[in-house]
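Residues per chain are reported as follows:
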Amino acid sequence: RFTSGEDEQDIGANGKAGSQPAKDTDAKSKGPVTVKKANSVESAAAENNKLCTYPGFGACGLSNLGNTCYMNSAVQCISYMPLLRSYLLSSQYKATGDLNKDNPLGTGGRLLEEFAELLRAMWSAKYGEKMPKSFRQKLGSINGQFSAGDQQDAQEFLNYLMDVLHEDSNKVRKKPYVEALEDDWIAQNNLPRIGDEAWRRFLRRNQSIMADVAMGQVLNTVTCPTCNHSSRNFDPFNLLSIPVPTSADVIFQVVVVRRATAANCPWTLNKPRKSDKKNQRFTRRSARPSSGPPSDSFVAEQYVVAMSRLADSSDLRQQIQKVSGIAGIRLKICRGEVLVVDGDAENESVCRTLTKIVPMTEKEGPCSQLAMKKAPNQEVIPPTVIVAFESTLKPRSMKTNNGSPESVDETDDEEDEPEPSQHKNLLPSPKEEKMMSRYLEVYGDEKECRVVDTDPFVLSKGMSRSLWPRNEKELKLGLRVDAKDKRGNWFQGSVVDIVEAASKEGKGKGKGESKREVVVHFDNFAKKWDETYTIDHFDEGKVQPLYSHATPRMKPADFYVHHRHTNPETDELAMFGQPFAAQCYSEWSGARAGAQILAQASRFLQYNSDWSSPIDLDDPTSMERENKANRLYEKIQTAISDLIDVLVDYDREYTRLALGLSTHSDQKSQPFRNPFFDATNICTVFSKKVNALLTKLPFEIVVTSMETAQGKKINVDPDEEAFPLSLVRTIGNFLNARQVIVLHWKEHPSDRQAAPILKDPVLYVPLPLEVDEAG
């Protein structure tokens, strides 16, 4: 009943069947009776083709014969051109005599007839899959480009096939010469008239089914850039390349977290000193409230940003700069994802969620890959959250050098061995002295940490030279040095410990005497790389004043601050809330860096009754609880403001004492040279004041490892330690790249009246988010 394509060709060529019908062994069977060749075990139909599941609809696939997917896709495209398909299936080209076997531009009608045979098999409703072997062989014999198994472009093959079908069915046997349209005639007529005439002249040489159903003409205009003369002409085409319409933009939900200043955190950073009778420390020029973002009076702002799918993170940064008004260089872009860390559905506290942030590189993308993907169990794709942190550093604008200190190059890389130091040239030059005096005038003033930040690079170099020891009794903790390690490399570091060691002299008077040694911890290195030096190394030049040989690190220390609390039910540590990025100048002391962290943490202490439990205005008890909660937060805000003042003031005083410029010191010293400075008294008074205020804070500042901060360790890291609010240790020397800062929030005071309104176990307050109406 059914025959394969090869059987049909055999019948047409020989006039008789090349196969014999098989006997029906089952009269009741309703299946098809296959026709087998005499010398074949299985039928060709069973070998090459599959039955059609949807008869009558041309649902016939073409098998890949080895990199022939380009050919199959082009054949399927032409197969679904109704008028052309009807023309070929009905063999109309034979009835009308359109088959042009003499056209040198065609194939003599061979490819057209072979293509028609392939379409008949595809639309016969017999096969669900067809192997176009015969068509492929004919095509390869005509054009050797398609005979091998190489990959080809589908569009190029489609263009070739349409040209061949056009020339094989072209009714014009002898093509006349047709002149092109003259420019003068084109200039005198309108476009429809020009188009009709151009098409009429085209049909004088081209009359085929393809010209009727698959060809058109496009207007081309060429203008001379010199004389501005324009030439218009219509050119025929059979293919037009058009873009596939897709979603052009990727939508991001951008949360911009601004640095804490006296403008957006007045409850802490604009609170006056105790001795000041003013209501606020700073007065803004414009007291008019902002109607909406962008504004520096807000802590966090939310925008909706649409980006091209091919854009990258640098383009996203520029767009955030445009909508927020913050310079792109001051933005740290991160991908954000809100995670539920407490599975209790009834738990609505701030500790239930954690915002996971992943920093983005400068050229990450494209944006289509940054967008959130729909999970199998999600009905709606969640918004892609981008968190942009403004740099927490606001460099102070100096009258000269634009806040960038001039560096004095004292290195000599050509010498293998440094010359022994004779403690000469430790006093600053007049230019350096003038520069340090200018920085001392503003360093630690009222604006420090609350409005602007000062880079102490120049002062740190001066302090290292001012405190440089002349003998081992003058060795001091916190002394900033350049030290040569065992491999002969120079690194900057700090003296972190002074130990008494027995003299290693084997002979003479010095045998067995006590000798002081200092332990130097290098910046950005772990403790295991610490090295020990004696005063002899100082005299031999193996330890030099700061930045005499080592390259200064002008880039600020960059780290993240995370929120953590102890789960009262499981007694385990749990991360929660919104982490934030913070920056500190590397030469800041631990005290000054701690003030910076406290200032930025104050953004999470703005108490607002809108997010707390409802208040019954008619219930005096409820109002009393609200007042107690307000007083509790105000007390904490005042403590943070006072602690910032203590940290900044004592850091300023310590700097002046180390440089021999303080008027409060009883020690005799000369300006910028104070090797016998003793910091015991100032550090003792400083520690008492700091410890008294730390007990009033709602959190503890600790330094821990990245694994603990990310929740990969359940227990406390054994290396975890309190943040060093120290006057003698710099933050750049203390922190390394694998450490992060954690605010470990304590349980709020057990106030029986205030507790009911504070539904959360900690005093953490989510950032007040201002939404951009345009977004």
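A short tour of the structure in this document, coming up. What you see is a predicted model, and the numbers here were worked out from it, not measured in a lab. (Residues numbered from 1 in each chain as written. Predicted model: local features only at pLDDT ≥ 70, side-chain atom pairs only at ≥ 80, totals over all residues. Heavy atoms only, no water.)

1. Some thoughts on the overall build of the protein chain
Consideration 1: Broken down by element type, the protein chain carries 22 helices and 23 strands.
Consideration 2: The proportion of buried residues among the 775 residues of the protein chain is 45%.
Consideration 3: Here the analysis covers contacts within the protein chain between residues at least 6 apart in sequence; of these, 71% occur between residues at least 24 apart.
Consideration 4: As displayed, the protein chain has an accessible area near 41900 Å², and 50% of this comes from carbon and sulfur atoms. (Helix = DSSP H or I, 4+ residues; strand = E, 2+ residues; numbered from the N terminus. Buried < 20%, exposed > 50% of the residue type's maximum accessible area, 1.4 Å probe, protein only. Contact = heavy atoms within 4.5 Å. Areas by Shrake-Rupley, 256 points an atom, 1.4 Å probe, with all protein chains shown as cover.)

2. Some thoughts on the packing of aromatic side chains
Within a pair of aromatic rings, the relevant descriptors are the distance that separates the centres and the angle that separates the planes.
Consideration 1: For the structure shown, the criterion picks out 20 aromatic pairs.
Consideration 2: Pairing Phe-115 with Phe-135 gives two aromatic rings, centres 5.9 Å apart and planes at 55°, and the pair type is tilted. Of this pair, Phe-115 sits in helix H6 (residues 110-122) while Phe-135 sits in helix H7 (residues 133-142), placing them 20 residues apart in sequence.
Consideration 3: Looking at Phe-115, the relative accessible area reads 0%, which means it is buried.
Consideration 4: Ring plane angle 80° and centroid distance 5.1 Å describe the contact between Phe-576 and Tyr-764, whose orientation is recorded as edge-to-face. In this pair, Phe-576 sits in strand S19 (residues 573-584) while Tyr-764 sits in the loop between strand S22 (739-745) and strand S23 (769-771), placing the two residues 188 residues apart along the sequence.
Consideration 5: Cluster of aromatic residues (ring-pair linked, three or more members): Phe-576, Phe-580, Phe-604, Phe-699, Trp-745 and Tyr-764.
Consideration 6: The lysine or arginine in question, Arg-85, covers the ring of Trp-123, its NZ or CZ lying 3.9 Å from the ring centre.
Consideration 7: Lying over the aromatic face of Trp-588, Arg-592 brings its terminal NZ or CZ to 3.8 Å of the ring centre. (Phe/Tyr/Trp six-rings, centres within 6.5 Å; stacked < 30°, edge-to-face > 60°. Lys NZ or Arg CZ within 6 Å of the ring centre and 35° of its normal.)

3. What to know about helix H4 (residues 82-89)
Consideration 1: If you check which residues of H4 are buried, you get Leu-84, Arg-85, Tyr-87 and Leu-88. One face of H4 carries all of its buried residues, which in axial projection span an arc of 160°. Every exposed residue of H4 that faces more than 90 degrees away from the buried side is listed here: Pro-82 and Leu-83.
Consideration 2: Along its buried surface, H4 packs onto helix H3 (69-79), helix H5 (92-95), H6 and helix H11 (209-213).
Consideration 3: A positive phi of about 55° marks Ser-91, the residue just after H4. (Arc of directions from axis to C-beta.)

4. Some thoughts on the packing of H7 against helix H8 (residues 154-168)
Consideration 1: Where H7 contacts H8, the axes come no closer than 14 Å and their chain directions differ by 85°. Classed by the angle they form, the pair H7 and H8 counts as roughly perpendicular. Listed contacts from H8 to Phe-135, Leu-139 and Ile-142 of H7 are Phe-157, Tyr-160 and Leu-161.
Consideration 2: Split by residue class, the contact of H7 with H8 holds six nonpolar, no polar and no charged. (Axes fitted to C-alpha atoms, helices over the stretch in contact; angles between N-to-C directions. Parallel < 35°, antiparallel > 145°, perpendicular 65-115°, else oblique. Nonpolar A, V, L, I, M, F, W, Y, C, P; charged D, E, K, R; others polar.)

5. A few points about the environment of Leu-477
Consideration 1: Relative to the elements of secondary structure, Leu-477 occurs in the loop between helix H16 (457-466) and strand S13 (480-484).
Consideration 2: Its relative accessible area of 45% is what places Leu-477 among the partly exposed residues.
Consideration 3: Residues Leu-477 and Val-495 lie 18 residues apart in sequence; the distance between their C-alpha atoms is 5.2 Å.
Consideration 4: Filtering out sequence-adjacent residues up to four positions away, Leu-477 remains in contact with Val-495, Val-496, Asp-497, Ile-498 and Val-728.

6. With respect to H6
Consideration 1: Helix length check: H6 (13 residues) gives 19 Å between terminal C-alpha atoms against 18 Å at 1.5 Å per residue, within 8%.
Consideration 2: Residues Leu-111, Leu-112, Glu-114, Phe-115, Ala-116, Leu-118, Leu-119, Ala-121 and Met-122 constitute the buried set of H6. (Expected span 1.5 Å × (residues − 1).)

7. Here we look at the pattern of salt bridges
Consideration 1: Scanning all chains against the criterion turns up 28 salt bridges.
Consideration 2: Among the ionic pairs, Arg-200 bridges to Glu-197, the shortest N-O distance being 2.6 Å. Remark: Glu-197 and Arg-200 occur in helix H10 (residues 191-203); sequence separation between them is three residues, near one turn of the helix.
Consideration 3: Of the charged contacts in the structure, one is a salt bridge between Asp-445 and Arg-396, with a shortest N-O distance of 2.8 Å. On the criterion of sequence distance, the pair formed by Asp-445 in the loop between helix H15 (430-442) and H16 and Arg-396 in the loop between strand S12 (384-390) and H15 is long-range, its members being 49 residues apart.
Consideration 4: Sharing partners across several salt bridges, the network here consists of Arg-259, Arg-396, Asp-445, Glu-448, Asp-453 and Arg-592. (Salt bridge = Lys/Arg side-chain N within 4 Å of Asp/Glu carboxyl O.)

8. Here we look at the nonpolar core
Consideration 1: Phe-699 and Trp-745 are the most contacted members of the largest nonpolar core, which has 108 residues in total.
Consideration 2: In this view, Trp-745 contacts His-563, Arg-564, His-565, Phe-576, Phe-604, Leu-605, Pro-698, Phe-699, Val-762, Leu-763 and Tyr-764; residues no more than four positions away in its chain are not counted.
Consideration 3: Grouped together as the second largest cluster of nonpolar side chains are 34 residues, Ile-78, Ala-116, Leu-139 and Phe-157 included. (Core = buried A, V, L, I, M, F, W, Y, C linked by side-chain atoms within 4.5 Å.)

9. What about the side chain of His-166?
Consideration 1: When you line up the elements, His-166 lands in helix H8.
Consideration 2: Judged by its relative accessible area of 3%, His-166 is buried.
Consideration 3: Within the local environment of His-166, its side chain forms a polar contact with the side chain of Asn-206, the two groups lying 2.9 Å apart.
Consideration 4: The contact partners of His-166, leaving out residues within four places of it in the chain, are Asn-206, Gln-207, Ser-208, Met-210, Ala-211 and Met-215. (Polar contact = N/O pair within 3.5 Å; in protein donor to acceptor, adjacent residues only side chain to side chain.)

10. Regarding unusual backbone geometry
Consideration 1: Here Pro-293 and Pro-294 are connected by a cis peptide whose omega angle stands at 0°.
Consideration 2: Residue Pro-366 is bonded to the preceding Gly-365 through a cis peptide linkage, with omega at 0°.
Consideration 3: Inspection of the secondary structure puts Pro-366 in the loop between strand S11 (353-359) and helix H14 (367-370).
Consideration 4: Even without a glycine there, the phi angle at Ser-91 is positive, about 55°.
Consideration 5: Within the element layout of this structure, Ser-91 appears in the loop between H4 and H5.
Consideration 6: Its identity as a non-glycine residue notwithstanding, Phe-672 has a phi of 65°, on the positive side.
Consideration 7: Turning to its location among the elements, Phe-672 is positioned in the loop between helix H19 (620-658) and helix H20 (680-694).

11. Side note on the sheet that holds strand S4 (residues 61-62)
Consideration 1: A sheet is described by the order of its strands in space; here three strands give the open sequence S3-S5-S4, paired in mixed fashion. Of all strands in the sheet, those bounded by a partner on one side alone are strand S3 (50-51) and S4.
Consideration 2: With two bridges connecting them, S4 and strand S5 (residues 127-130) associate as parallel partners. Within S5, the position partnered with Leu-62 by the bridge is Lys-130. (Pairing = 2+ DSSP bridges.)

12. A closer look at the pairing of strand S7 (residues 230-237)
Consideration 1: Of the strand pairs in this sheet, strand S6 (residues 216-223) and S7 are connected by eight bridges, and their pairing is antiparallel. Within S7, the residue paired with Gln-217 across the bridge is Pro-236.
Consideration 2: Count of turn residues in the S6/S7 antiparallel hairpin: six residues, of which Asn-228 carries a positive phi of about 65°.

13. Overview of a negative patch on the surface
Consideration 1: A cluster of acidic residues, Glu-179, Glu-182, Asp-183 and Asp-184, forms a negative patch on the protein surface.
Consideration 2: Along the chain, Glu-179 turns up in the loop between H8 and helix H9 (183-188). (Patch = residues over 30% accessible without salt bridge, like charges linked within 9 Å, V, L, I, M, F, W, Y side chains within 5 Å. Lys, Arg positive; Asp, Glu negative; His and termini not counted. Charge placed at Lys NZ, Arg CZ, Asp CG, Glu CD.)

14. A look at the environment of Val-387
Consideration 1: Secondary-structure assignment places Val-387 in strand S12.
Consideration 2: Note on Val-387: relative accessible area 1%, which makes it buried.
Consideration 3: On a C-alpha basis, the gap between Val-387 and Ala-300 in space is 10.0 Å, while along the polypeptide they are 87 residues apart.
Consideration 4: Non-local contacts of Val-387, meaning those with residues more than four positions away in its chain, are made with Val-255, Val-257, Lys-332, Ile-333, Cys-334, Gly-336 and Gln-578.

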